[in-house]
Amino acid sequence: MATWEDVRRIALALPETFERTTHGTLDWRVRDKRADKSFAWERPLRRADLDALGAAAPQGPILGVRVPDLAAKEALLASDPDVCFTTPHFDGHASVLVRLGPIDVENLRELLIEAWLCRAPKDLVQAYLGTPP
């Protein structure tokens, strides 16, 4: 079972990542030369989410993470529906919602690294991966 402290520890270990609070929720971003890019965020369910999900609405802490594209999103949703889910709010958006309760720390680490890779500037990604420019 992962916790917010696990999210914080993993996210802040990634290069040029910082944490901030946006509208009362936690948000992890990687600095880009042009903008700060969010790659993970605390995402409590809103009334519209609860209405859309009905009885299937999960309880507990929920993390939003970026994914590379909609195909990756669909793959995550299909591979682990007890952990990853979405709401109509995120239709057409390359991100998934993650229940922290049932995800183990290693899978959380993989999701956060992938999310960071989606948003980090190319030179930072190359340095992190150890690949030449």
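Residues numbered from 1 in each chain as written. Predicted model: local features only at pLDDT ≥ 70, side-chain atom pairs only at ≥ 80, totals over all residues. Heavy atoms only, no water.

Q: Which parts of the structure should I look at to understand the side chain of Asp6?
A: For Asp6, the position within the fold is in helix α1 (residues 4-12). Here the side chain of Asp6 touches Arg9 through a polar contact of 2.9 Å, side chain to side chain. Beyond its immediate sequence surroundings of up to four residues, Asp6 is in contact with Met1, Val105 and Leu108. (Helix = DSSP H or I, 4+ residues; strand = E, 2+ residues; numbered from the N terminus. Polar contact = N/O pair within 3.5 Å; in protein donor to acceptor, adjacent residues only side chain to side chain. Contact = heavy atoms within 4.5 Å.)

Q: Looking at this model, I keep getting lost on the sheet that holds strand β3 (residues 36-42). Mind explaining?
A: What the six strands build is an open sheet, ordered β1-β2-β3-β4-β6-β5; its pairing is antiparallel. Looking at which strands have only one partner, the edges of the open sheet turn out to be β1 (17-22) and β5 (84-85). As defined by bridge partners, strand β2 (residues 25-31) adjoins β3 across five bridges and the pair is classed as antiparallel. For Asp27, the partnering residue across the bridge sits in β3 and is Trp41. Against the sheet, helix α3 (residues 70-79) engages β5 and β6 (95-99), with an angle of about 25 degrees to β6. Each of β1, β2, β3, β4 (62-66), β5 and β6 touches helix α4 (residues 105-119); the most contacted strand, β3, lies at about 155 degrees to it. (Pairing = 2+ DSSP bridges. Axes fitted to C-alpha atoms, helices over the stretch in contact; angles between N-to-C directions.)

Q: Is there a simple way to explain the environment of Ala115 in this structure?
A: Checked against the element boundaries, Ala115 lands in helix α4. On a C-alpha basis, the gap between Ala115 and Pro15 in space is 13 Å, while along the polypeptide they are 100 residues apart. Ala115 has contacts with Phe39, Val65 and Arg66, leaving out every residue within four places of it along the chain.

Q: How do you make sense of the nonpolar core when you look at a structure like this?
A: Ranked by size, the top nonpolar core spans 30 residues in total, and within it Trp28, Phe39, Leu63, Val98, Leu108 and Leu112 carry the most contacts. At the level of secondary structure, the elements contributing two or more residues to this core comprise α1, β2, β3, β4, β6, α4 and α5 (122-129). Among the elements that line this core, the one with the most residues is α4, at five residues. Among the nonpolar cores identified, the runner-up in size contains seven residues, and Leu45, Ile62, Phe85 and Leu97 belong to it. (Core = buried A, V, L, I, M, F, W, Y, C linked by side-chain atoms within 4.5 Å. Buried < 20%, exposed > 50% of the residue type's maximum accessible area, 1.4 Å probe, protein only.)

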